[in-house]
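Take a look at the letters that make up each chain.
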Amino acid sequence: MRVGILGPLQVAGSEVAGARVRVLLVRLALDPGRVVTADRLIDDLWPDEPPAHPMAALQSLVSRARREAPGLITSHPAGYVLDVPPDEVDAWAFERLVRAGDVHRALALWRGTALADAYELPFAEAPAARLEELRLTALATRIATDLAATTPKAELVAELEELVAAHPLREPFHALLIRALTANGRRAEALGLFERTRAALAGELGVDPGPELREAHLEALKDQEPRSNLPARLTSFVGRSEDVSRLTALLDRARLVTLVGPGGAGKTRLAVEVAAGLAVPDGVWLVELAAATDVRAAMESALRTTDLARALRGSAPLIVLDNCEHVIEEAARIAQWLLSEAGGLRILATSREPLDIPGEALHQVLPLPAEKAAELFMDRAVAARADVRLRREEAVRICRELDGIPLAIELAAARLRTMPVSVLVEQLGDRLAFPGGRTSEPRHRTLGAVIDWSWNLLSERERELLRGLTVFSGGATYEAISRVCGGDLDLLSSLVDKSLIQLSGDRYTMLEIIRQYAAADLPELRLAHARHYTGLAESAEPHLRTGDQLRWLAVLDAERGNLDAALRHTDDPLRLILPLFWPWTLRNRHREIRQQAEAVLRRVGDVPPPGREVAHGICRVVMGAEPTRAVLESDHPAALNSWAMGLISGGAPPADLVSRTDRAAERLRDHPDLWTRSAALLIAGIVRFEYGAVAGAEDLLRPALEGLRRTGDRWGQWAGLFWLSLAAENRGDHAAAVALAEEPERLAAELTGPDTSMGVMTFLLRLGQLKGRAGDHAGAAAALERAWAAAVRSEDRAIVARVMHARAELARRTGRPEEAARLLESALALDVELPAQARALMYVELARVGAPREPLRRALELMVTCSDSTARATVLEGVAEHLEPEAAAELLGAARALRGIGESADPHVNQLAARCRAALGEDGYRAASQRGATMPNPERYALSPLSSP
């Protein structure tokens, strides 16, 4: 740095002589590269009593400064310039680094009190205070990053304790200290600190703790209730006490421990038992991969998140990753990624082979020794038949024949329900040694012998049915089994009785190890399976647009594994994928849609088979291609969505999207199906609103909603109500927008669950904002409280930031500007990706509770290239609040043009317009407003007065 003002003045690393010279250089350094007028300098340098000849005194002072710091100061007709780029002044570099999120480098620039040489002069008070506030904010961000990135250490607690003592009413430092204490196992101290802080805030400021403090307090409270999805123990745990002790010790020093051993050795049960016995404050989560094809999806489902790294970062949970062997490459890759992202995470994996990644510790799960194996057999034998008479030596012999494999022992003990011990003993012998299909590999040999034995007890018809059942994934109903395999109920009941399959609810399921053993090359059955589930998907699809939607979605959810398997094995994948697009859309499974479409296109190629043009075209749209003619002219639900909105692709809209959807709505206006007619109107209305042709959107949306109510389709009703509410808000009619916004929350919760990000952001958050703008502050607070709780549960920092923005707006509306500013600054400081319009609107709100110039400049810069016309209009209206009447009137005209409306119903906008009319007169206001309405880029125009010195 050539010039340093974050502490005593330095130029090129050296001090400068002369107190008044140092003050001059500090003042010029506040505006590097810009002209500071002579009058401004005289007023700032001699605020109380200027010298008798001020201009001469200033020139003399500049001459001295040039001798002390050659080459830094240049003259200008109006004044003087510190001739260095802003980044060569440490204060400017500090602000840029903080905005970029590089708080560690930013804080390294700080050498002492900012503007120390001019600290007592009035011109330095505001910038010094601002820099100090920014330093404290950056310091909090740095500490929060350190807490999240590594296991918290005592040094962080000590640093925070000093900061809390120095700033007793600064909530972010208290919140961080509570988190650090909690993470270091000092929960009682954390809770005590919260109570003291709450009392201090009430006594000194008369306020309650803000959301950061409440969130930290909530985490400290949750810390006393470990979270887990581990299954409850159903049977006693026998024979593995030494394994438990060793694994517990391993997990104390290794972050990845993998249990390896043959199938049936009891790896899963041992892992669950060890995990259940550990004290893990941030939860223990079992991720079952036996039936999984997507490791990440299985982990997200178990942890109830859509962002694994974000959910795990900053916490110290234990994940039990079970049955990795059939997805070993993906399991290893994701485990390594998560361990590197989340420093406190530990993983306990089970697999038939190591994950083979750095830091992995292995524990070999061996067969049980004879005595412990016999103990297990006797325990399970009594459970199977209470009156069984079994000598210990008989149990030892049976277990020796079974090689001590726990699963084999349990299966054999279960047979005592149907045969005497003596017959069971006779059955062991040669039959267990009979080679099976998997005995060629040592790791399969023992378990293969056990399953061979069970297999030999079956009739040929039972064997045929058991083979056939392996084509199903995730179980099957009796109807599906009878249609695909031809098996009857008696045969299924016999297999249940022999513990080879299980009955769970109305579905027959099979252990994965039995499936692996019995699986065979059954191409005809796989095709029959694919055709059955293709028929099911096609039968369900029309019902998904009716009031029976939820029941049929539940049917398809239960068959998700079978539908995925059918899509992999069918000889006509385009036929099956077509009826699956709509349920995937209803369930918000956008990533799955893209993955499946990509896989189908790889199979069928670039040229659609005859009769499959629509499905092929939709797959291409999903992958980002332009809609084909077949898609554009189709009335299939998936086609309506794909050509109109990219609901499942997320691609950039085509330039003629509005005219295209208008033509489609007109083409389908007389379609015989009510849903199709209504959906076409809905899509056309949404596209009009979203892509710049706002006028006329409501005329399409209202009849669309009316028709979709008649069909019973919850998704269509939700969409119609939501966009009608947006249209009402666009007109400034907040009361109407609230009325339209309340119902969609229930509809979306029924489709995707109440805790999804869509449920939080689209409804609770929006409803809270609308109620606040309509004057229902109590209703707004209630909605936003629910939104905040859901955001905290989701652990999605983007949602958290947007809820903080909404709460800040409500705080400002209810006379709490300081709280609003704190919430907004905290939201903007979060390390999270936000859409440009969301961040711009935060800056507009920040301008209402603090110095407006810089936030408004940032908001306008974000909007210069934004295509969201309603967001642009809102920003322009917010900027207009702070401008002179003529410029404000011009921006109001530009905003009205962007909204596509006449006069706004928004009381705030109308008050602003009235102020402009009073200053300009009706004719002047109208002329200025018309000029604004025709501006090609009003944001650049509005930046001009905000960019001047």
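Residues numbered from 1 in each chain as written. Predicted model: local features only at pLDDT ≥ 70, side-chain atom pairs only at ≥ 80, totals over all residues. Heavy atoms only, no water.

A.B. asks: Please provide a residue-by-residue account of the environment of Leu-134, values included.
C.D. replies: Here Leu-134 is to be found in helix H6 (residues 122-149). By relative accessible area, which is 22% here, Leu-134 ends up partly exposed. Put simply, Leu-134 and Arg-926 are 792 residues apart on the chain and 42 Å apart in space, counted from C-alpha to C-alpha. Once residues within four sequence positions are removed from consideration, Leu-134 is found in contact with Phe-94, Glu-95 and Val-98. (Helix = DSSP H or I, 4+ residues; strand = E, 2+ residues; numbered from the N terminus. Buried < 20%, exposed > 50% of the residue type's maximum accessible area, 1.4 Å probe, protein only. Contact = heavy atoms within 4.5 Å.)

A.B. asks: Run through the packing of aromatic side chains, naming residues and quoting values.
C.D. replies: Geometrically, a pair of aromatic rings is defined through the distance of the ring centres and the angle of the planes. Following the criterion strictly, the structure yields nine aromatic pairs and no others. Seen from their ring centres, Phe-581 and Trp-584 are 6.1 Å apart, and the 85° between their planes marks the pair as edge-to-face. Taken together, the positions of Phe-581 and Trp-584, both in helix H28 (residues 573-586) and three residues apart, correspond to about one turn of that helix. Like Phe-581, the residue Trp-584 is buried in the burial classification. Between Trp-582 and Trp-675, the aromatic rings sit 5.4 Å apart at their centres with planes inclined by 75°, giving edge-to-face as the arrangement. With Trp-582 in helix H28 and Trp-675 in helix H34 (residues 674-690), the pair connects residues that are 93 residues apart, well separated along the chain. Exposure class is identical for Trp-582 and Trp-675. Each is buried. Three or more aromatic residues link up through ring pairs in this structure, and these residues are Trp-582, Trp-675, Trp-715, Trp-718, Phe-722 and Trp-723. (Phe/Tyr/Trp six-rings, centres within 6.5 Å; stacked < 30°, edge-to-face > 60°.)

A.B. asks: I'd love a proper account of helix H26 (residues 549-558), names of residues and values included.
C.D. replies: Where H26 is concerned, the buried positions are Gln-549, Trp-552, Leu-553 and Leu-556. On an axial view of H26, the arc spanned by its buried residues comes to 105°, and they lie on one face. Check the buried side of H26 and you find it contacts helix H25 (523-540), helix H27 (560-569), H28, helix H36 (714-730) and helix H38 (744-752). (Arc of directions from axis to C-beta.)

A.B. asks: Outline the sheet that holds strand E5 (residues 79-82), listing residues and values.
C.D. replies: If you trace the three strands from one edge of the open sheet to the other, you get E3-E5-E4, paired in antiparallel fashion. The outermost strands of the open sheet, each flanked by one partner alone, are strand E3 (35-37) and strand E4 (73-76). On average, adjacent strands in this sheet sit at an angle of 35° to one another, irrespective of strand direction. Inspection of the sheet shows E3 paired to E5 by three bridges, in the antiparallel sense. Paired with Val-35 across the strands is Val-81, a residue of E5. Where helix H1 (residues 19-29) meets the sheet, its contacts fall on E3, E4 and E5, and the angle it forms with E5 comes to roughly 80°. Where helix H3 (residues 54-68) meets the sheet, it contacts E4 and E5, and its direction lies at approximately 150° from that of E4. (Pairing = 2+ DSSP bridges. Axes fitted to C-alpha atoms, helices over the stretch in contact; angles between N-to-C directions.)

A.B. asks: Talk me through the pattern of salt bridges; I want residue IDs and the actual numbers.
C.D. replies: Throughout the structure, instances matching the rule amount to 74 salt bridges. Note that Arg-310 is salt-bridged to Asp-796, the shortest N-O span being 3.2 Å. Here the residue Arg-310 occupies a position in helix H14 (residues 308-312), and Asp-796 occupies one in the loop between helix H40 (777-794) and helix H41 (797-813), the gap between them amounting to 486 residues. Arg-310 sits in the partly exposed class, given a relative accessible area of 23%. A salt bridge links Arg-392 to Glu-371; the shortest N-O distance between them is 3.2 Å. Highlighted residues: Arg-392 in helix H17 (residues 392-401) and Glu-371 in helix H16 (residues 370-384), separated in sequence by 21 residues. Arg-392 sits in the partly exposed class, given a relative accessible area of 36%. By relative accessible area, Glu-371 is classed as partly exposed at 47%. Linked by salt bridges that have partners in common, Arg-27, Asp-31, Arg-34, Arg-40 and Asp-44 make up one network. (Salt bridge = Lys/Arg side-chain N within 4 Å of Asp/Glu carboxyl O.)

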